[in-house]
Amino acid sequence: MSLFRAGIPALLLGASLVLAAPIAAQAAPAAPAAARVHVEKQPKPPTTEELTKDQGSYLALVSRDHPLDPVNYKPKDLRGVAGSGHELRKDAATALESLLKGARKDSQSLAVLSAYRSYDRQLSLFNGYKARYGIEYATRLSAPAGTSEHQIGLAADIGLSSGHCNLKACFGDTAGGKWLAANAADFGFIVRYPADGEKVTGYKYEPWHLRYIGVDQAKAMAKSKAGTFEAFHAALVKASKVKPLTAAEIKKQRESLLVLRFLPPYRDWSIGYDFAR
Ligand SMILES: [Zn+2]
């Protein structure tokens, strides 16, 4: 018995060493350790699914052309933005609180005028504009219910505490509006409807409307000079698509399959295992 006991682990160890060698040789060229560490430090690139199907994604594109489904969609993690009487999704609320604090530090007194709006609230707001201005102008000013970023809890309208130029284009020329445009990305927000973006976004200039997309992506968008979220989003979708393998990659894959053929037959290994039992 003792001879068997001593012999069996040695036999198994021998088999595992033989198996381990070609597997290690296969794995090594695909992902060198240094490259892997570098990649892990980068923000995780969004998948096509997250960008185009997930309404809970911080990068979800919601507009008249991309309505919510169901139209009365409500995010799950809403919470109050401290001192504002308005709600946003948890991370966006924390980010907005930091932004307001940052503005105060720079002597800008900003206030939250609106943030999360339910389907019903958006419906009555849009109908109000429609009654006042007619459908065409109302559509340039406000989103029909089910197509508003306010409904996903990631958008906030910001104004001056003084009320001067609130929800007017002239807000962009105030010190507070300029501070917002210059600093929003540091907190994960973008000015969603820029002055020259109406053709793409479908909305007039709204220097007060912020959209939360996360710090990494907001900074990436500023750097990309995409101009509008629509353009930035389209570029992200393009980059996220699974690309077909190149000829070199196919060759490499074939070679690694050839290595598998030279592995010792598993049958031999299992004979030893049966014997051990
Ligand atoms: Zn807004």
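Residues numbered from 1 in each chain as written. Predicted model: local features only at pLDDT ≥ 70, side-chain atom pairs only at ≥ 80, totals over all residues. Heavy atoms only, no water.

The protein chain is annotated in an unreviewed UniProt entry as D-alanyl-D-alanine carboxypeptidase of Paeniglutamicibacter psychrophenolicus.

Examining the environment of Leu113
Tracing the backbone through its elements, the reader meets Leu113 in strand E3 (residues 110–114). Once residues within four sequence positions are removed from consideration, Leu113 is found in contact with His86, Asp157, Ile158, Gly159, Asn166 and Leu167. (Helix = DSSP H or I, 4+ residues; strand = E, 2+ residues; numbered from the N terminus. Contact = heavy atoms within 4.5 Å.)

A word on the coordination of the zinc ion
Protein coordination at the zinc ion comes from His150 (NE2), Asp157 (OD) and His209 (ND1), with a distance range of 2.1 Å. All donors of the zinc ion come from a single chain, and their spacing in sequence reads H-x6-D-x51-H. The pair formed by His150 and Asp157 is uniform in burial state, with each residue classed as buried. (Donors = N, O, S within 2.8 Å, 3.2 Å for Na, K, Ca; no water. Buried < 20%, exposed > 50% of the residue type's maximum accessible area, 1.4 Å probe, protein only.)

Digging into the pattern of salt bridges
For the structure on display, the rule yields eight salt bridges. A salt bridge links Arg79 to Glu97; the shortest N-O distance between them is 2.9 Å. Of the two residues, Arg79 is situated in strand E1 (residues 78–81) and Glu97 in helix H4 (residues 90–105); the sequence distance between them amounts to 18 residues. By relative accessible area, which is 26% here, Arg79 ends up partly exposed. Residue classification places Glu97 among the partly exposed residues on the basis of a relative accessible area of 21%. In this structure, Glu230 and Arg192 form a salt bridge, with 2.9 Å as the shortest nitrogen-oxygen distance. Linking Glu230 in helix H10 (residues 229–240) with Arg192 in strand E5 (residues 189–193), this pair joins segments that are 38 residues apart in sequence. Classification of Glu230 by relative accessible area gives buried; the value is 15%. One network of salt bridges, with partners in common, ties together Glu149, Arg192, Arg211 and Glu230. (Salt bridge = Lys/Arg side-chain N within 4 Å of Asp/Glu carboxyl O.)

Some words on H10
End to end, H10 covers 16 Å across 12 residues, agreeing with the expected 16 Å (1.5 Å per residue, within 8%). For H10, the complete set of buried residues consists of Phe229, Glu230, Phe232, His233, Leu236, Val237 and Ser240. Taken end-on, H10 shows its buried residues confined to a sector of 165°, consistent with a single buried face. Those residues of H10 that are exposed and angled more than 90 degrees off the buried face are Lys238 and Ala239. In this fold, the buried residues of H10 make contact with helix H3 (48–52), E5, helix H8 (198–201), strand E6 (206–212) and helix H9 (215–224). (Expected span 1.5 Å × (residues − 1). Arc of directions from axis to C-beta.)

Overview of the packing of aromatic side chains
Going through the model one piece at a time under the given rule, you end up with six aromatic pairs. Centroid distance Tyr58 to Tyr212: 5.3 Å. Interplanar angle 80°. Geometry classified as edge-to-face. One end of the pair, Tyr58, is in the loop between H3 and E1; the other, Tyr212, is in strand E6, with 154 residues separating them in the sequence. Classification of Tyr58 by relative accessible area gives partly exposed; the value is 22%. The exposure class of Tyr212 is buried, given its relative accessible area of 9%. A ring pair is formed by Trp179 and Phe187, whose centres lie 6.4 Å apart and whose planes are at 35°; its orientation type is tilted. You'll find Trp179 and Phe187 in the same group, each marked buried. A connected cluster of aromatic rings, assembled from ring pairs, spans Tyr58, Phe189 and Tyr212. Directly above the ring of Tyr203 sits Arg64, whose terminal nitrogen or CZ lies 4.6 Å from the centroid. (Phe/Tyr/Trp six-rings, centres within 6.5 Å; stacked < 30°, edge-to-face > 60°. Lys NZ or Arg CZ within 6 Å of the ring centre and 35° of its normal.)

A closer look at the nonpolar core
Leu88, Leu96, Leu99, Leu110, Ile158, Leu180 and Phe189 are the most contacted members of the largest nonpolar core, which has 30 residues in total. Residue assignment for this core shows that the elements contributing at least two residues are H4, E3, strand E4 (155–160), helix H7 (175–183) and E6. Among the elements that line this core, the one with the most residues is H4, at seven residues. If you look at the next biggest cluster of nonpolar residues, it comprises 12 residues, including Leu59, Ala185, Ile190 and Ala218. (Core = buried A, V, L, I, M, F, W, Y, C linked by side-chain atoms within 4.5 Å.)

Observations regarding the sheet that holds E5
One open sheet accounts for four strands, arranged E3-E4-E6-E5; its pairing is antiparallel. Sheet topology places E3 and E5 at the edges, where each strand pairs with a single neighbour. Between one strand axis and the next, the sheet turns by 45° as a mean value, whatever way the strands run. Across four bridges, E3 lies against E4 in antiparallel orientation. In the strand pairing of E4, Val112 is matched with Ile158. The strands touched by H4 are E3, E4, E5 and E6; relative to E3, the strand with the most contacts, the crossing angle is about 145°. (Pairing = 2+ DSSP bridges. Axes fitted to C-alpha atoms, helices over the stretch in contact; angles between N-to-C directions.)

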